[in-house]
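Descriptive analysis of the structure
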Amino acid sequence: MTNLTRRTMLQSGGVLGAILALDAVGPALAVANPAGSSVRFKAVDDALRGGVSRNDVAGVIAVAATPRGVVYEGAFGKANVATGAPMTLDTVFWLLSMTKAFTATACMQLIEQGRLHLDDDAAKYLPELTSPQVLDGFAEDGTPRLRPARHAVKVRHLLTHTSGYTYSIWSEALTRYEKVTGMPDIATSKNAAFTAPLEFEPGERWEYGISMDWVGKLVEAVSDQSLEIYFRENIFAPLGMKDSGFLIGTEQKRRVATFHNRRADGGLDPAPFEMPQRPEFFTGGGGAFSTPRDYMAFLQSLLNGGTLHGARILRQETVAMMMQNQIGELNVHEMRSAQPPYSRSFDQFPGQPHKWGLSFDINTQPGPNGRSAGSISWAGLLNCYFWLDPVKHVTGALFTQVLPFFDERVVALYGAFERGLYAGLA
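Chains are numbered independently. Their residues run from 1 in the order of the written sequence. Thresholds applied to this predicted model are a pLDDT of at least 70 for local features of residues and 80 or more for the giving and counting of side-chain atom pairs; totals over whole chains, interfaces and linings are not thresholded and use all residues. For side-chain calculations, the full set of non-hydrogen atoms in the structure is used, while hydrogens and water are omitted.

Here we look at the packing of helix 3 (residues 100–112) against helix 7 (residues 227–239)
The axes of two packed helices give the description: the angle between them and the distance between them. As a rule, the C-alpha atoms of each element are fitted with a line to give its axis, helices using only the stretch in contact, and angles between N-to-C directions run from 0 to 180 degrees. In this description a helix means any DSSP run of H or I spanning at least four residues, a strand means any run of E spanning at least two, and both kinds are numbered starting from the N terminus. Look at helix 3 against helix 7: their axes get within 11 Å of each other, and the N-to-C directions meet at 85 degrees. Comparing the axis directions of helix 3 and helix 7 gives the class roughly perpendicular. The residues of helix 7 that touch helix 3, namely those facing F102, T103, T105, A106, Q109 and L110, are Y230, F231, N234, I235 and F236. Residue composition of the contact of helix 3 with helix 7, grouped by class: 7 nonpolar, 4 polar and no charged. Oblique is the label for every angle not falling under 35 degrees (roughly parallel), over 145 degrees (roughly antiparallel), or within 65 to 115 degrees (roughly perpendicular). Only heavy atoms enter the contact rule, under which two residues are in contact if any of them lie within 4.5 Å. Each residue gets one label: Ala, Val, Leu, Ile, Met, Phe, Trp, Tyr, Cys and Pro are nonpolar, Asp, Glu, Lys and Arg are charged, and the others, such as Gly, are polar.

Rendered as structure tokens:
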């Protein structure tokens, strides 16, 4: 497989050191749920343990909760195949796009406080967005053709990926633009990445992209705090998420899960990976790390309408709004890969329409593995996934560190986890 050291996000060495072959399959963790639940969720244990034994993943963790609390926790395989360290609920994972849910929450907190509004022009707070340019193809000599956008970028557009901003991983045009201009990719955490043009008029269609990185900038501008501090004070500390943030400490580095690339023959090659730790900006679209235990606390707060253990981070009506269609007649569609080493083409619900809330994918029909219509979900580039079912009142998340994204073997484990969870709860 292509050596994924081209991007700065994959260049930083020394975090994981020299990685050796896979070790033996690790045991499941004790399940933190009512008596007899280990029997109820045996199918999940078996599926995840089997995924490790087949070398689908070096290690995997799955967690789930209902309003009564955590109902399943399972950790299998190795977090670090060189040292033999097992996966645990406190293993540290790079979240990538699962960071977006934090950023959306922060933005909605400021909206609750009346400090900004969904239909404000984003340029009101970020002057850099005053005169966005639209990429209108390329001249014969390869020079990009740009024109002024006819419409303003609204806060709503940024939260719903209808702004016109895209990601090069799923855009042939932006991939070409980066090559021609030398503009850095957003994953480098360099401010020059924000010089990217739009690919369409704001509000015209849904395309996944760097919009939530702009929302991160928006939160910083309105709050007059860095995202690192804002998240810590307003989300992580209230929820007891002691291992979440953008900057990673020495002790946490020892708990980082090994990252792997999937080879063409299906095997796994370990490689160094670390988000930039001296970034020019904190990447609200994908820069944070967390642990399964921490992230589940965040998901539980959303499942409970914005509160957990007496700490409220959002109003119940705000959480409900975040889980509702916010793109009208537009539809979420397949994200076609422009860079196969990083991602396969991605569509969680092929053949059925799905919508977008305020930073969540919404399936409008029941999912194939048990979730209800109206559930929200999303994922991170290194094959971490979560969903929240507001009808059956359950949330689950699965954690691995593998590229390319939407890896078939990991997706199969995710589906088995979901099916086994619903079956056990029933």
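Now that the structure has been shown, the text picks up again.
Topic: the pairing of strand 1 (residues 59–66)
One face of the sheet, then the other: side chains in a regular strand alternate in exactly this way. With 8 of 8 residues buried, strand 1 lies mostly within the body of the structure. Any residue under 20% of the maximum accessible area for its type is buried, any over 50% is exposed, and the rest in between are partly exposed; the area is computed with a 1.4 Å probe on protein chains only. Alternating residues of strand 1 divide into G59, I61, V63 and A65 and V60, A62, A64 and T66, and every residue in both groups is buried. A strand pair is defined by DSSP finding two or more bridges across the two strands. Pairing geometry for strand 1 and strand 2 (residues 69–80), over 8 bridges, is antiparallel. Counterpart to G59 in the pairing with strand 2 is G77. Hairpin connection between strand 1 and strand 2: a loop of 2 residues separates the two successive antiparallel strands. Sheet topology places strand 1 next to strand 16 (residues 394–399); 5 bridges connect them, and they run antiparallel. When the bridges of strand 16 are listed, A64 appears paired with G396.

With respect to the environment of R336
Mapped onto the elements of the fold, R336 is located in the loop between helix 10 (316–322) and strand 12 (354–356). Assessed through its relative accessible area of 60%, R336 is described here as exposed. It is 29 Å that separates the C-alpha atoms of R336 and D119, two residues lying 217 residues apart in sequence. Beyond its immediate stretch of four places on either side in the chain, R336 contacts I169, W170 and S345. In the analysis that follows, any N or O atom pair within 3.5 Å is treated as a polar contact, provided that within protein one partner can donate a hydrogen and the other can accept it, and provided that, for residues neighboring in sequence, both atoms belong to side chains. Within the structure, R336 has its side chain in polar contact with the side chain of E334 (distance 3.4 Å).

So, the nonpolar core
Judged by nonpolar contacts, the single largest core of 131 residues is most densely connected at Y72, L159, Y295, F298, F399 and F417. Excluding residues within four positions of it along the chain, L159 makes contact with A104, C107, M108, I111, L118, M212, V215, W356, G357, L358 and S359. Note on terminology: a nonpolar core comprises buried Ala, Val, Leu, Ile, Met, Phe, Trp, Tyr and Cys residues joined through side-chain atoms within 4.5 Å.

Side note on the environment of G266
Looking at where G266 falls in the secondary structure, it is placed in the loop between strand 7 (259–262) and strand 8 (268–271). Assessed through its relative accessible area of 10%, G266 is described here as buried. For the pair G266 and T99, spaced 167 residues apart in the sequence, the C-alpha separation amounts to 28 Å. G266 has contacts with N55 and R409, leaving out every residue within four places of it along the chain.

Side note on the packing of aromatic side chains
Between the rings of Phe, Tyr and Trp (Trp by its six-membered ring), a pair exists once the centres lie within 6.5 Å; its type follows the angle of the planes, with under 30 degrees stacked, over 60 edge-to-face, and the other angles tilted. Enumeration according to the criterion identifies 38 aromatic pairs in this entry. Ring geometry for W94 and F273: centres 6.1 Å apart, planes at 65 degrees, overall edge-to-face. On the criterion of sequence distance, the pair formed by W94 in strand 4 (residues 93–94) and F273 in the loop between strand 8 and strand 9 (289–290) is long-range, its members being 179 residues apart. Note on accessibility: W94 and F273 belong to one class, buried. On the basis of an interplanar angle of 75 degrees and a centroid distance of 4.7 Å, the ring pair of F346 and F406 is categorised as edge-to-face. Separated by 60 residues along the polypeptide, F346 in the loop between helix 10 and strand 12 and F406 in the loop between strand 17 (402–403) and helix 11 (408–425) bring together distant segments of the chain. Accessibility assignment for this pair places F346 and F406 in one class, buried. Across from the ring centre of F138, 4.1 Å away, lies the NZ or CZ of R176, which sits over that ring. Note on criteria: charge over ring means Lys NZ or Arg CZ within 6 Å of the ring centre, with the direction from the centre no more than 35 degrees off the ring normal. When the ring centre of Y422 is taken as origin, the NZ or CZ atom of K392, which lies over that ring, is 4.9 Å away.

Some points on the sheet that holds strand 14 (residues 376–380)
The strand order 3-2-1-16-15-14-13-12 describes an open sheet built from 8 strands, whose pairing is antiparallel. Of all strands in the sheet, those with a lone pairing partner are strand 3 (85–86) and strand 12, marking the two edges. The pairing of strand 14 with strand 15 (residues 384–389) spans 5 bridges and is antiparallel. Following the sheet pairing, S377 is matched in strand 15 by W387. Where helix 2 (residues 42–53) meets the sheet, it contacts strand 1, strand 2 and strand 16, and its direction lies at approximately 15 degrees from that of strand 2.

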